[in-house]
Amino acid sequence: MAALDAAISPVMLDVGSDAQIHDAAREVDRACGDAGLAVLVNAAGYATYTPVEYADAGEVSRLFDVVAFAPYRLANAMLPALRRAAAAGHRARVVNVVSWAALDASPFVGFYAAAKAACLRLGQAQAFELDRFGIDVVSVLPGMMRTRFVEGASSQVTAAIERLPAAGRAAYGASLQHMADMSLTAPRSRLVPDPDAIAAKIVGIVAKVRVRHQYLLGFDTRLVTFINRWLPFRLQRAIKSALYGLNARAREQLPAATA
């Protein structure tokens with residue numbers, strides 16, 4: 001990054017580490033000086049692919065730590081610098097890059113969806129609490145993008161299958177493999193934008209004089225919003241079951257009834 005622009009000063013940290021968050025905040029605070037910090041964008045995250053039945057508690061805890069809790073911890077650590085920027089007469093901004101997964105749960109990514117939903121609700125609470133200090137908290141919900149996050153999904157799902165015990169592979173392996181196969185085609189879709197396009201929209205949002213608390217970016221985000229708002233859950237379940245091949249495969253694997 002520094003090679004691209006001499007004005008950029010990278011600060012590397014693990015957002016799952018409180019110590020690194022506070023060290024980074026002190027470094028940013030010193031760099032910003034009296035002018036304060038105008039914008040904080042929280043975009044770190046990753047996904048875990050697993051049936052809920054076979055989830056590893058430690059991995060789930062780590063996922064929530066990074067996806068749901070790190071954004072508010074980082075914002076808290078940066079608040080002194082954000083308040084200085086707001087005191088100068090211009091509203092400071094915290095932008096949380098969430099996901100349409102916060103609005104829509106799917107098989108095998110339930111914990112990711114739950115963590116993103118928690119991030120969304122915590123951001124809304126911050127928006128209420130920090131408004132009086134001249135700080136806006138904005139949630140941006142993009143859909144899929146052509147990034148390594150999406151491109152690597154298929155191999156991650158395959159690895160998840162391999163980690164399952166025999167009973168787990170028998171119960172969920174075929175559906176997970178179907179998910180892995182679908183993940184291979186997603187990055188090639190014309191409906192999946194390049195990340196630069198989404199980044200440009202986020203820059204545009206940050207530059208607005210007045211912002212909304214939430215922005216839905218991408219066709220797929222608008223689609224899942226429509227589905228979850230207007231379709232009854234029974235119909236949603238039928239659609240997801242057909243999409244992931246859950247019904248037929250599950251019935252085939254049920255033990256035979258005994259007299």
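Residues numbered from 1 in each chain as written. Predicted model: local features only at pLDDT ≥ 70, side-chain atom pairs only at ≥ 80, totals over all residues. Heavy atoms only, no water.

Mind showing me how you'd approach the packing of helix α2 (residues 57-87) against helix α3 (residues 110-130) here?
Helix-helix packing is characterised by the crossing angle of the two axes and by the distance between the axes. Where α2 meets α3, the closest approach of the two axes is 8 Å, and the angle between their N-to-C directions is 20°. Judged by the angle between their axes, α2 and α3 are roughly parallel. You can see that α2 and α3 cross each other, and the crossing is right-handed. Listed contacts from α3 to V60, L63, F64, V67, A68, F69, P71, Y72, A75 and L79 of α2 are F111, Y112, A114, A115, K116, A118, C119, L122, Q126 and L130. For the contact of α2 with α3, the per-class residue count stands at 18 nonpolar, one polar and one charged. (Axes fitted to C-alpha atoms, helices over the stretch in contact; angles between N-to-C directions. Helix = DSSP H or I, 4+ residues; strand = E, 2+ residues; numbered from the N terminus. Parallel < 35°, antiparallel > 145°, perpendicular 65-115°, else oblique. Left-handed = near helix turned anticlockwise from the far one by under 90°. Contact = heavy atoms within 4.5 Å. Nonpolar A, V, L, I, M, F, W, Y, C, P; charged D, E, K, R; others polar.)

Explain the environment of A85 to me, please; I cannot follow it from the model alone.
One can find A85 in helix α2. For A85, a relative accessible area of 9% translates into the label buried. Residues contacting A85, with those up to four places away along its chain left out, are A35, G36, L37, A38, H90 and A92. (Buried < 20%, exposed > 50% of the residue type's maximum accessible area, 1.4 Å probe, protein only.)

Hey, could you run me through unusual backbone geometry in this one?
Excluding glycine, residues mostly have negative phi values, and the peptide bonds linking residues are mostly trans. In this structure, F108 is a non-glycine residue whose phi angle is positive, near 75°. Considering the arrangement of structural elements, one finds F108 in the loop between β2 (92-97) and α3.

Hey, could you run me through the nonpolar core in this one?
Note that soluble globular proteins tend to have their nonpolar side chains buried in a common cluster. Formed by 19 residues in total, the largest nonpolar core has its most connected members in L37, L40, M78, L82, A92, V94 and I135. In terms of residue count, α2 provides more of this core than any other element does, nine residues in total. Ignoring any residue separated from it by four or fewer positions in sequence, one finds V94 in contact with L40, N42, A75, L82, I135, D136, V137 and V138. Listed in part, the 16 residues of the second largest apolar core include Y49, A153, M179 and A180. (Core = buried A, V, L, I, M, F, W, Y, C linked by side-chain atoms within 4.5 Å.)

Sorry if this is basic, but what is going on with the packing of aromatic side chains here?
How two aromatic rings sit relative to each other is set out by the distance from centre to centre and by the angle between their planes. Applying the stated criterion across every chain, the model contains five aromatic pairs. Taking 6.5 Å as the distance between ring centres and 75° as the angle between the ring planes, the aromatic pair formed by F108 and Y244 counts as edge-to-face. Within this pair, whereas F108 is found in the loop between β2 and α3, its partner Y244 is found in helix α9 (residues 233-244), the two being separated by 136 residues in sequence. For F108, a relative accessible area of 8% gives the class buried. Ring-pair connections join several aromatic residues into one group, and the members of that group are Y54, F108, Y172 and Y244. The ring centre of F133 lies 4.3 Å from the NZ or CZ of R83, which sits over that ring. (Phe/Tyr/Trp six-rings, centres within 6.5 Å; stacked < 30°, edge-to-face > 60°. Lys NZ or Arg CZ within 6 Å of the ring centre and 35° of its normal.)

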